[in-house]
Protein chains: 2
Amino acid sequence: MTSGVLLDLSGVIYEGPRAIPGAPEAVSRLRKSGLPLRFVTNTTRSPKQAIIRRLAEFGVAVAESELFTPAQAALDWLREHGCRPHLLIHPDLRLDFEAEFSGSGWAVVVGDAADAFDYASLNRAFRELIHGASLLALAKNRKFEDSDGELSLDAGPFVAALEFASERQATVLGKPSADFYEAALASMLCPAEEAVMIGDDAEADIAGALNAGVSVALLVRTGKYRDGDERRFDPAPTAVVDDVSAAVDRILVGRE
Amino acid sequence: MTSGVLLDLSGVIYEGPRAIPGAPEAVSRLRKSGLPLRFVTNTTRSPKQAIIRRLAEFGVAVAESELFTPAQAALDWLREHGCRPHLLIHPDLRLDFEAEFSGSGWAVVVGDAADAFDYASLNRAFRELIHGASLLALAKNRKFEDSDGELSLDAGPFVAALEFASERQATVLGKPSADFYEAALASMLCPAEEAVMIGDDAEADIAGALNAGVSVALLVRTGKYRDGDERRFDPAPTAVVDDVSAAVDRILVGRE
């Protein structure tokens with residue numbers, strides 16, 4: 001029995017500036033079925049409100065409470081641990097961190113900073129780490145499909161660089177963190193074993209969700225998907241489908 | 001019996017723009033003892049000729065054949081494997097790569113590019129790797145003592161970033177590669193078990209040399225050395241000494 005659906009955004013609902021053909025209609029069909037939905041993204045280049053606006057432009061209405069981003073998880077972590085952030089993030093994402101922080105600790109927060117990843121900014125972050133700051137990774141994705149259709153470096157390699165330099169492990173807040181999946185599932189009162197995840201990243205979306213107890217994880221052949229990805233990570237996807245429309249077909253069998 | 005001495009440069013002979021007090025005299029004493037010397041550096045910010053000129057300014061005369069750099073090891077590797085280099089290195093080091101290359105393969109060559117490490121250059125290197133280029137690391141040092149006396153990111157973290165992104169392991173050419181140590185030892189016809197290594201990096205200089213079969217490795221408390229480094233890597237140094245002068249005292253006991 002399926003009682004909740006988790007959907008990745010980039011590579012599943014949209015690709016760069018465009019909606020993936022059929023994706024808005026697929027989300028509508030899920031809405032009509034009455035299944036609760038949560039959108040779980042590792043995108044750390046856009047603040048929450050910009051993601052919601054962008055989805056609305058594609059005809060996909062998403063409430064703030066339905067959208068789970070690593071920035072939100074970082075804010076929660078910082079408050080819980082009494083830490084102030086040293087941000088190594090995309091300039092656009094700073095909006096999500098415009099908050100009051102208190103506490104005596106510091107945490108280096110690394111997102112997909114894109115061109116803001118340069119030697120000077122990475123070195124400043126490294127020096128914070130050797131002076132005792134914690135290391136928080138908004139996400140640790142290796143790569144993403146860039147607007148030119150080629151793969152580009154995501155936040156993960158830069159997190160790996162700081163881990164290697166400081167000889168410490170980052171706390172990863174976004175997918176594939178089980179905490180991240182559990183927070184999204186709990187918010188829709190959906191037990192993991194009754195949830196379906198749809199994503200284009202065989203590692204963070206698929207293996208990550210399955211490791212968090214989600215029972216069905218569907219890998220789409222859009223976005224960053226490349227031939228053979230389904231055999232590269234453990235656990236493997238429940239099934240590989242062409243796109244989110246095909247994934248929704250499968251979920252709604254017997255329900256529509 | 002000691003029949004050859006390997007010396008690291010940065011942090012042992014000089015620190016930023018200055019010779020370490022007593023270092024030129026210590027090298028002179030080794031020269032007078034008749035022991036053959038080799039200078040093994042992972043510095044990849046300066047071409048070979050600039051390193052030799054800098055040492056000469058400090059009163060340390062070093063022949064080209066006595067200086068082992070990762071750039072030289074990379075040139076040898078590229079020729080041997082019929083590869084052309086895609087360079088991600090410090091602009092000053094390009095001089096060492098002004099050579100004719102032939103062959104159908106490509107290799108991404110990563111050194112301590114310093115400010116030349118930016119998102120665009122790292123992403124170009126990543127794309128070469130996913131299109132099949134090999135990954136050569138001139139060195140994989142985590143950090144070095146910068147001119148302001150603080151630790152800064154060395155080439156290693158950026159190598160780790162590219163390894164993580166491409167899911168491949170780099171071939172590391174400089175210290176702690178056993179091949180690198182063996183080439184230096186072979187050039188002075190010194191069996192590893194009769195060699196002494198002097199360095200400030202407990203990992204690349206000390207554990208690296210000992211793993212390559214060198215029998216005595218002396219860790220100096222200058223350069224990047226920080227309290228407790230001698231307990232952080234395996235194998236541990238044979239001894240920890242104040243500086244290269246103290247190391248030479250120990251080597252020359254009974255010889256002077």
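Just so we're clear, the structure is a prediction, and the values are computed from it rather than from any experiment. (Residues numbered from 1 in each chain as written. Chains lettered and ligands numbered in written order. Predicted model: local features only at pLDDT ≥ 70, side-chain atom pairs only at ≥ 80, totals over all residues.)

Caption draft 1: How the structure looks around the relation of the copies chain A and chain B. Rotating chain A by 180 degrees about the axis while translating it 0.0 Å along that axis superimposes it on chain B, leaving an RMSD of 0.0 Å. Here the symmetry operator amounts to a two-fold rotation axis. Taken together, the interface assignments show that 100% of the residues at the interface of chain A recur at the interface of chain B, consistent with an identical surface on both copies. (Least-squares fit on C-alpha atoms with pLDDT ≥ 70 in both. Contact = placed C-beta atoms within 7 Å.)

Caption draft 2: How the structure looks around the sheet that holds strand β7 (residues 105-110) of chain B. Residue and element names in this part refer to chain B. One open sheet holds the four strands; their spatial order is β6-β7-β8-β11, and the pairing between them is parallel. Edge strands, defined here as strands with exactly one partner in the open sheet, are β6 (83-88) and β11 (171-172). Both β7 and strand β8 (residues 134-137) contribute to a ladder of four bridges, which runs parallel. When the bridges of β8 are listed, V108 appears paired with L135. Across the sheet, helix α5 (residues 156-166) touches β7 and β8, and the angle it forms with β8 is around 160 degrees. (Pairing = 2+ DSSP bridges. Helix = DSSP H or I, 4+ residues; strand = E, 2+ residues; numbered from the N terminus. Axes fitted to C-alpha atoms, helices over the stretch in contact; angles between N-to-C directions.)

Caption draft 3: Representation of the interface of chain A and chain B. Chain A puts 24 residues into the contact, and the matching count from chain B is 24 residues. Sorting the residues of the side of chain A that touches chain B by element identifies α4 (119-130), β10 (151-153) and α5 (156-166) of chain A as the ones contributing at least two each. Broken down by element, the side of chain A that touches chain B gets its largest block of residues, eight residues, from α5 of chain A. For the side of chain A that touches chain B, the per-class residue count stands at 15 nonpolar, three polar and six charged. (Nonpolar A, V, L, I, M, F, W, Y, C, P; charged D, E, K, R; others polar.)

Caption draft 4: Region of interest: the packing of helix α1 (residues 23-33) of chain A against helix α8 (residues 244-251) of chain A. All names here are of chain A. Closest axis-to-axis distance for the α1/α8 pair is 8 Å, and the angle between their directions is 20 degrees. Taken together, the axes of α1 and α8 are roughly parallel relative to one another. Considering only the axes of α1 and α8, their crossing is left-handed. In this structure, α1 contributes A23, A26, R29 and L30 to the contact, and α8 contributes V244, S245 and V248. Its residues assigned to classes, the contact of α1 with α8 shows five nonpolar, one polar and one charged. (Parallel < 35°, antiparallel > 145°, perpendicular 65-115°, else oblique. Left-handed = near helix turned anticlockwise from the far one by under 90°.)

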